[in-house]
Amino acid sequence: MFAYFLTRLASLALILVVMSVLIFLVTQAMPGDVASMIAGQFASKEVVDAIAVKLGLDQPLIVQYGRWAAGILQGDLGRSLVLEQPIGPILMEALARSLVLAVVALVVVAVVGIALGVLAAVRRGKLTDQMVSGISYLGIAVPDFFWAIVLVLIFGSYLKLLPTGGYTPISEGFLPWAAHLVLPVVTLVLMLLARIARLTRSSMIDVLQTNYVKFARAKGMPESVVILRHALKNALLPTITVLAIDFGLILGGVVVIETIFSYPGMGRLLLFAIQRHDLPLIQATILIVSAAYCLANLTADLLYAFVNPKIRHGMRAS
Amino acid sequence: MMTAPQAQPVLQPAAAPAVTPAPAPLLDIRGLTISYGNARGTLRAASDVSFAIRPGEVMGLVGESGSGKSTVAMAILDLLGGGGRVDSGEILFDGVDLRRLPAAERRALRGDRIAAVFQDPFTSLNPALTVGRQIAEPLIQHKGLSPRQAAVRVEELLAEVGIREPRRVAASYPHELSGGMQQRALIATALGCEPKLLILDEPTTALDVTVEARIIDLLAKLCDSHRLSALFVSHNLGIVNRICETVTVLYGGVVVETGRTGRVLSRPAHPYAKGLVAALPRITAERRHRLPSIPGTVAKLSGAVTACVFAPRCPFAEETCRSQPQPMRMDEAGDGVRCWKADALAGMPWPDEDAGAARPSRPQPQQSAPLVEVDHLRKVYGANRSVLPWLRRAGTVAVDDVSFTVGRGEVVGVVGESGSGKSTIGRALLALTEPSAGTVLFDGADLTERVRRGDQDLRRRAQLVFQNSAASLNPRKTIGAAMDRPLVLAGHGDAEERGKTIAGLLTRVGLPAAYADRYPHELSGGERQRVNIARALATNPDFVVCDEAVSALDVSVQANILNLLAELRDEMGLSYLFITHDIAVVSHIADRVLVVYGGTICEEGPIASVLRPPYHPYTEALLSAVPRLAEDGQEVPRILLEDAAAAPGGRGCAFAARCPRKLGAVCDEQAPPVHATADGHRIACHIPLATLAERASVFPELMGDDARH
């Protein structure tokens, strides 16, 4: 298990190195010259050149990459050119907000989605199943921004129950903080729920037809034990994978939702960086997003092992 | 049984013996009718099924797929599922009609008073829970034990079913145990609450023969010591013969015969029972013997029974059989048969359609160069030479230094248990897997080399028939389209000509040419396997690998397919590599047989020599484990092997870990020497040939056959 974990960590590091090179090269290839951006439209060539020298932009690419990568390894993500501040704190703040959104949304999606999926599987073909299918289809078929706008209109503008956007730190009180989260979370849940519910339903239906479920029934186990203890744990594997991908997705920033609800997360930060051509900020943000994706997937694989002893065994053997 | 439902007008009450009144049955099934309904209509799975099991009695419920035997068993457990419904009848358990009980009370009986063990131990245990926890569940549920008390009881139970390290096994997950151990764990689960009735649904079908022998032995002992009653559902008459006192034969959801096992299996009264017994492949040294078979397939039934269900396939059928439903006729001893001609047919054997008919004498395998030569073949799976030390793996040795030949027109049987490497050998011979070492010559040329060159001729000349007849055919393609593909690949350009070839091939394997337009799901298992054979023959091959080609088929159908394969070999001069776990089947078709264990050949030779001493200790155990009918000869003492299978690929003899005649360290440390005799019989064993030859024959009845060879 430990060896497996080490291997996975090593490959994760490798992926991040490759990613960092790609990020660096691609952002360098973006149109526009950083030095002229900073210097402004009417600056003379000398000023631009001076800024370039100061930022080390006259150096060969490999040297620039080396300096960037070395900084990151020392915990220095660089300075934002536009905000003229160190990137680290800005990024961490945005990441923390996205993390809150991701964790809350994911917990809700997992709990509600798995419950609906199990319910639909157990009542397969009956009205409950069809209702779950219908509702989840509606969630998946209607674009997320539509839900966002509808929710803002109903709860924000008409009922005036919830703030229509923005963010309040938890230090200013739990309720205001939670109130700002409700609408973005609900929108995200509507967007992600259908897939989780349908996936859980189909793998649950498969598992309910297995011999070990039949045998559990033959042992006289109550149906609740059969479903929760015997079937669900085995049915969760595909759901875990998708949940991990969704987690990475939200963490990486859900631009549309963050924009509509003015939620200052990773998505809006990245959008801002790109619009303003803030190269160091773009690079750092993308790198952190990729790292988050990788970590989410690693967590999923470890959860797999937790759920399925056979996988755990395979890890021990390797 | 006394209250005769209207469909059984001639039912005579069984006269109770005067001296000892028969005890009240523990399970009494009366007039049970079960149907499965779906959108397309209802299908009758059981019609008016009645039988009784007395306390302490083990009853066999036999029949082929579609006979309704599992349906009846599941109905007793109230686990029909999938649209199954009991339409009428009573299931009396200890005098109480289970059907009248609320679902919760029936559930409370399950696992407590009525316990079950199902067919496939590999899938009957939950992979995510420890074995101990799964055994403990009913103890906690029904007996109110605390988890700690249950854990103690679990260890006792595991010890009772013959598991040596109960504590370790209880803490294991299912995948860490062998199939035999898993089945023992399931039996331990069933015994936990000390039930009165066991429902055993094909409990050994998925196991290897030597493991099966031990499990049956265990079940017989347990039923005896716990005075358990059991309903033993099986298609295997040999096993039923070994463990059941009485047997009930089902056909098309109808009980056609019931009675004491010895009588039913030695003197079957119903034509279907006669056919079933006759079609059973028995170990024979007489290779040319053709198996009797039951023509036709089980019809799907719906609506009321208006005729004898077996009439369409019965060679003795008359007009009366087709126009009137047959009543069950019981005699004083409790034996019953549902056939009005039973008395007239008494002693009449199942007709062997071409017994004595002159069959084309098979050309002897030519003595010229063999078609396939396998030389020091070795195959290792999963080896990894990674730079990362913790990823390096030696791999699993599937086949270890195997050499043999297949002559032109010769049928070589490969017999072995799961994991013996027999399928890998077959795949290597078709270049479907690349050998790790060694060579395979096909018609004198190196196979691996040929494949590298992209030699299509090889693919044409060597074909494969798999076990699973359904999974081998694309469900979305018609039979004709499936057969067309190899013809196109073999370069037969003209579509009309190909159509004719397909029609000819279908006719050749005994199917109507019109089947070309059908889809696989419209065919029965036997018919699909005929299609697979026809497809293998499409390219006019010289060599066909049959990998468990008849294992999934019912006995009567199996006989059909074996006969077909034998005919094709005789007429087309085909060579087969016939891979199977069933030595009885191989004895009907093979010229020579290889007995493989742990990736090595432990014995090889002409079939008649392999069936007689001297035996390799593994062959001897394998042969003694084959379930047989009483009439085949006296019971031979069975050699019971340990379940544990050692990983092959060590230095010594692969069988050493399980060998009952192990000499000592030499078996573990040195590869066994090969003793060879004149007729090509070779045994790889440290025990001297003379000592091996001292053992008595497992089949005394075969000893007189020598003259014929």
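Higher on the page you've got the structure.
Quick summary incoming for the structure in this document. (Residues numbered from 1 in each chain as written. Chains lettered and ligands numbered in written order. Predicted model: local features only at pLDDT ≥ 70, side-chain atom pairs only at ≥ 80, totals over all residues. Heavy atoms only, no water.)

Bringing the overall build of chain B into the picture now. Looking only at helices and strands, one finds 25 helices and 24 strands in chain B. Taken across its 709 residues, chain B has 56% of its residues classed as buried. Contacts in chain B between residues far apart in sequence, at least 24 positions, make up 69% of those at least 6 positions apart. Accessible surface, chain B: about 29200 Å² in total, of which carbon and sulfur atoms supply 52%. (Helix = DSSP H or I, 4+ residues; strand = E, 2+ residues; numbered from the N terminus. Buried < 20%, exposed > 50% of the residue type's maximum accessible area, 1.4 Å probe, protein only. Contact = heavy atoms within 4.5 Å. Areas by Shrake-Rupley, 256 points an atom, 1.4 Å probe, with all protein chains shown as cover.)

This part is about the interface of chain A and chain B. Note on interface size: it is often stated as the accessible area lost on association of the parts. Facing 24 residues of chain A, the contacting portion of chain B comprises 32 residues. With both chains or domains summed, chain A and chain B bury close to 2500 Å², and 61% of this area falls on carbon and sulfur atoms. Broken down residue by residue, the surface that chain A buries against chain B is led by A:F215, A:A218 and A:K219, which jointly contribute 24%. Taken together, chain A and chain B are joined by two salt bridges. Seen at the junction of chain A and chain B, the total is twelve residue pairs in polar contact (both at pLDDT 80 or more). The dominant element in the side of chain A that touches chain B, judged by the number of residues it contributes, is helix 9 (residues 211–218) of chain A, at six residues. Partitioned by chemical class, the residues of the side of chain A that touches chain B number nine nonpolar, seven polar and eight charged. (Buried area = accessible area lost by both parts, 1.4 Å probe. Salt bridge = Lys/Arg side-chain N within 4 Å of Asp/Glu carboxyl O. Polar contact = N/O pair within 3.5 Å; in protein donor to acceptor, adjacent residues only side chain to side chain. Nonpolar A, V, L, I, M, F, W, Y, C, P; charged D, E, K, R; others polar.)

What follows concerns the sheet that holds strand 10 (residues 254–260) of chain B. All names here are of chain B. Taking strand neighbours across the sheet as the criterion, the eight strands line up as 6-7-8-3-9-10-12-11 in an open arrangement whose pairing is mixed. Every other strand in the sheet has two partners, leaving strand 6 (114–117) and strand 11 (329–330) as the edge strands with one partner each. As paired strands, strand 3 (residues 58–62) and strand 9 (residues 246–251) are joined by four bridges and run parallel to one another. Bridging across to strand 9, L61 finds its partner in T248. Helix-sheet contacts for helix 7 (residues 179–191) involve strand 6 and strand 7 (197–201), and the interaxial angle to strand 6 is about 175°. (Pairing = 2+ DSSP bridges. Axes fitted to C-alpha atoms, helices over the stretch in contact; angles between N-to-C directions.)

What follows concerns the layout of surface pockets. Counted as a void, the largest pocket has a volume near 1300 Å³. When residues of the lining of the largest pocket are traced back to their parent elements, those giving at least two are helix 9 of chain A together with helix 1 (69–77), helix 8 (209–225), helix 9 (237–243), helix 20 (555–572) and helix 21 (583–589) of chain B. In terms of residues, the lining of the largest pocket owes the most to one element, helix 21 of chain B, which gives three residues. Class assignment for the residues of the lining of the largest pocket results in 16 nonpolar, 15 polar and eleven charged. (1 Å grid on protein atoms, 1.4 Å probe; cavity = no way out; pocket = protein on both sides within 12 Å on 5 of 7 lines; lining within 4 Å. Points joined across faces, edges and corners; volume = space filled by probe spheres on them.)

Right, let's get into the side chain of B:R530. All names here are of chain B. Among the secondary structure elements, R530 is positioned in helix 19 (residues 525–537). One buried charge, R530, has no salt-bridge partner; the nearest side chain with opposite charge is E527, at 7.2 Å. Once residues lying within four places of it in the same chain are set aside, the contact partners of R530 are V509, G510, L511, N560, I561 and L564. (Lys, Arg positive; Asp, Glu negative; His and termini not counted.)

All right, on to unusual backbone geometry then. All names here are of chain B. Here the bond from P613 into P614 is cis, since omega is 0°, no more than 30 degrees from zero. Inspection of the secondary structure puts P614 in the loop between helix 22 (607–610) and helix 23 (617–625). One non-glycine residue with positive phi stands out, namely H376, at about 50°. Locating H376 in the fold gives a position in strand 13 (residues 372–381).

What follows is about the pattern of salt bridges. Residues and elements named next belong to chain B. On inspection of all chains with the given rule, the structure shows 47 salt bridges over all chains. For E567, the salt bridge goes to R508, with nearest N and O atoms at 3.8 Å. Taken as a pair, E567 in helix 20 and R508 in helix 18 (residues 495–508) lie far apart in primary sequence, 59 residues in all. Note on R508: relative accessible area 26%, which makes it partly exposed. In this structure, E604 engages R592 in a salt bridge whose closest nitrogen and oxygen atoms are separated by 2.9 Å.

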